[in-house]
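Spelled out from the first residue to the last, the chains are:
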Amino acid sequence: MSEQAFNQFVDTTENAFDQAVVQGSDHELFVSSYLSGHFSLVVAKALTQANYCLANLDTAMQQSLNDAFANNELDPADQQQVLALWQQLLTQGS
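Residues numbered from 1 in each chain as written. Predicted model: local features only at pLDDT ≥ 70, side-chain atom pairs only at ≥ 80, totals over all residues. Heavy atoms only, no water.

What to know about helix 1 (residues 3-23)
Rules: Counting from the N terminus, the helices are DSSP H or I runs at least four residues long and the strands are E runs at least two residues long. Multiplying 1.5 Å by the residue count of a helix minus one yields the expected span of that helix. Relative accessible area decides the class of each residue, using a 1.4 Å probe on protein chains only: under 20% of the type maximum gives buried, over 50% gives exposed, and in between gives partly exposed. In this context, the arc is that of the directions from the helix axis out to the C-beta atoms.
Over its 21 residues, helix 1 runs 30 Å from end to end, which matches the ideal 30 Å to within 8%, given 1.5 Å per residue. Every buried residue belonging to helix 1 is among Phe 6, Phe 9, Val 10, Thr 13, Phe 17 and Ala 20, and all of these are buried. Down the axis of helix 1, the buried side of the element spans an arc of 100°, and every buried residue falls inside it. What points out from helix 1, more than 90 degrees from its buried face, is the exposed set Gln 4, Gln 8, Val 22 and Gln 23.

The structure is reproduced here in structure tokens:
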């Protein structure tokens, strides 16, 4: 994936998070905000390393989320919704 395509994916994903603020329910906003926090950290690391690979980004996101879930940061239903949203955003961006 080119740097430009990677940046476009990041922009599109961040716009989706912003839309949850405008149009989402309180719970959708919660799920989106939670995922956005992980996304921001993982993207920042990818950009620092000039790693513009969507598959690597997905792996890093999955690891970040799995680590958080192992610490019981969310209940299982919320975990599933966060993972589903990530898969939806990833599918739309690829």
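With respect to the nonpolar core
For clarity, the threshold we go by: What makes a nonpolar core is a set of buried Ala, Val, Leu, Ile, Met, Phe, Trp, Tyr and Cys residues whose side-chain atoms join them at distances within 4.5 Å. Contacts were defined at the residue level, with two residues in contact if any of their heavy atoms lie within 4.5 Å.
With 24 residues, the main nonpolar core has Leu 35, Phe 39, Leu 57, Val 82 and Trp 86 as its most contacted residues. Counting only elements with at least two residues in this core, the list comes to helix 1, helix 2 (26-48), helix 3 (54-70) and helix 4 (76-93). Examining the composition of this core, we find that seven residues originate from one element, helix 2, more than from any other. If near-sequence neighbours (up to four positions away) are discounted, Leu 35 is found in contact with Phe 17, Met 61, Leu 65, Val 82, Leu 85, Trp 86 and Leu 89.

A few points about the environment of Ala 20
Inspection of the secondary structure assignment puts Ala 20 in helix 1. On the accessibility criterion, Ala 20 (12% relative accessible area) is buried. Distance in space between the C-alpha atoms of Ala 20 and Ala 50 is 29 Å, their sequence separation being 30 residues. If we ignore the near neighbours within four places in the chain, the residues touching Ala 20 are Glu 28, Leu 29 and Ser 32.

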